[in-house]
Amino acid sequence: LQVSCLNLVDLAGSERVQETQASMRETCSINQSLLCLGNVVARLAEDPSGHVPYRDSKLTRLLQHALGGNSKTAMICTISPCGGWHLEQSKGTLMFASRAMNITNAAKRNLEAEEDLRATSLLMRYEKEIEDLRFRLEGLEHEHSGEDVSQVQELKRKLEGMTKFVL
């Protein structure tokens, strides 16, 4: 059983904003989230064992497992080839990308899933053993009909014990 999570986030900043009240509030919220994301990435790149401020914004809280958890993460940072006022934003994007490259996550399988698989495989092994014992028991009953049945009775007891254990 494998469970995956895919987060697609467009982190567009506040390039030229129209001067309306709603767009200004939205722009401030986006910039605050980007600032918090930059702080989290910087902290994870420096010292991931220390306090990481995931709770500072909804964005960083949502991306917590992808940024510093047990996961594999890919980030795509794009810059503008144009000069002018895009140059400062491209520089900020490149600095963010260089910090993000220094984050290391060691993704590994969750232990709960492995324990579930072990329990399932153990159950399957017991079921197979019960089936083998039934087959051997039928063979011994046909072979030794009328003879010493102690071996057959021993297998029946073992089969009953295994069936009670598994069920």
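Residues numbered from 1 in each chain as written. Predicted model: local features only at pLDDT ≥ 70, side-chain atom pairs only at ≥ 80, totals over all residues. Heavy atoms only, no water.

We now examine the overall build of the chain. Secondary structure summary: the chain contains 6 helices and 0 strands in total. Across the 167 residues in the chain, those meeting the buried criterion constitute 22%. In the chain, once contacts between residues fewer than 6 apart in sequence are set aside, the share between residues at least 24 apart is 51%. If you sum the accessible surface of the chain, you get close to 13400 Å²; carbon and sulfur atoms cover 54% of it. (Helix = DSSP H or I, 4+ residues; strand = E, 2+ residues; numbered from the N terminus. Buried < 20%, exposed > 50% of the residue type's maximum accessible area, 1.4 Å probe, protein only. Contact = heavy atoms within 4.5 Å. Areas by Shrake-Rupley, 256 points an atom, 1.4 Å probe, with all protein chains shown as cover.)

Grouped burial of nonpolar side chains is what soluble globular proteins tend to show. In this structure, Leu37, Val40, Val41, Leu44, Val52, Tyr54, Leu59, Leu63, Leu67, Phe96, Ala100 and Ile103 together form the largest nonpolar core, which totals 12 residues. No other element matches helix α1 (residues 21–46), which puts 4 residues into this core. When sequence neighbours within four positions are dropped, the list of residues in contact with leucine 59 reads Val9, Leu11, Ser33 and Leu37. The next biggest cluster of nonpolar side chains, apart from the first, holds 9 residues, and it includes Tyr126, Leu137, Leu140 and Leu155. (Core = buried A, V, L, I, M, F, W, Y, C linked by side-chain atoms within 4.5 Å.)

Before going further, it helps to spend a moment on the packing of aromatic side chains. On inspection of all chains with the given rule, the structure shows 0 aromatic pairs. Over the ring of tyrosine 126 we find arginine 125; its NZ or CZ atom is 6.0 Å from the centre of that ring. (Phe/Tyr/Trp six-rings, centres within 6.5 Å; stacked < 30°, edge-to-face > 60°. Lys NZ or Arg CZ within 6 Å of the ring centre and 35° of its normal.)

Within the secondary structure, arginine 134 sits in helix α5 (residues 111–143). For arginine 134, a relative accessible area of 37% puts it in the partly exposed group. In sequence terms arginine 134 and lysine 156 are 22 residues apart; their C-alpha atoms lie 8.2 Å from each other. Once residues lying within four places of it in the same chain are set aside, the contact partners of arginine 134 are Leu159 and Thr163.

With that out of the way, let us pick up the pattern of salt bridges. Evaluated as defined, the whole model comprises 1 salt bridge. With a shortest N-O distance of 3.7 Å, aspartate 132 and lysine 128 are connected by a salt bridge. With a gap of 4 residues between them, aspartate 132 and lysine 128 both fall in helix α5, about one helical turn apart. Overall, the relative accessible area of 53% leaves lysine 128 in the exposed class. (Salt bridge = Lys/Arg side-chain N within 4 Å of Asp/Glu carboxyl O.)

Okay, the environment of glutamate 131 next. For glutamate 131, the location among the structural elements is in helix α5. By relative accessible area, which is 48% here, glutamate 131 ends up partly exposed. A sequence separation of 28 residues divides glutamate 131 from leucine 159, and the C-alpha atoms of the two residues are 9.0 Å apart.

Bringing helix α4 (residues 86–101) into the picture now. End to end, α4 covers 22 Å across 16 residues, agreeing with the expected 22 Å (1.5 Å per residue, within 8%). Of all the positions in α4, only Ser90, Phe96, Ala97 and Ala100 are classed as buried. The buried residues of α4 occupy an angular sector of 125° when projected down its axis, which confines them to one face. Across α4 from its buried face, at more than 90 degrees, point the exposed residues Leu87 and Glu88. (Expected span 1.5 Å × (residues − 1). Arc of directions from axis to C-beta.)

On to the confidence of the model for the chain. When the pLDDT values of the chain are averaged, the result is 78; 79% of them are 70 or greater. Mean pLDDT values over the elements of the chain span from 73, in helix α6 (residues 150–166), up to 91, in helix α2 (residues 58–62). (pLDDT = per-residue confidence, 0-100.)

The next subject is the side chain of serine 71. In this fold, serine 71 is placed in the loop between α3 (64–68) and α4. There is a polar contact of 3.4 Å between the side chain of serine 71 and the backbone oxygen of alanine 66. Those residues in contact with serine 71, other than ones at most four positions away along the chain, are His65, Ala66, Asn105 and Ala107. (Polar contact = N/O pair within 3.5 Å; in protein donor to acceptor, adjacent residues only side chain to side chain.)

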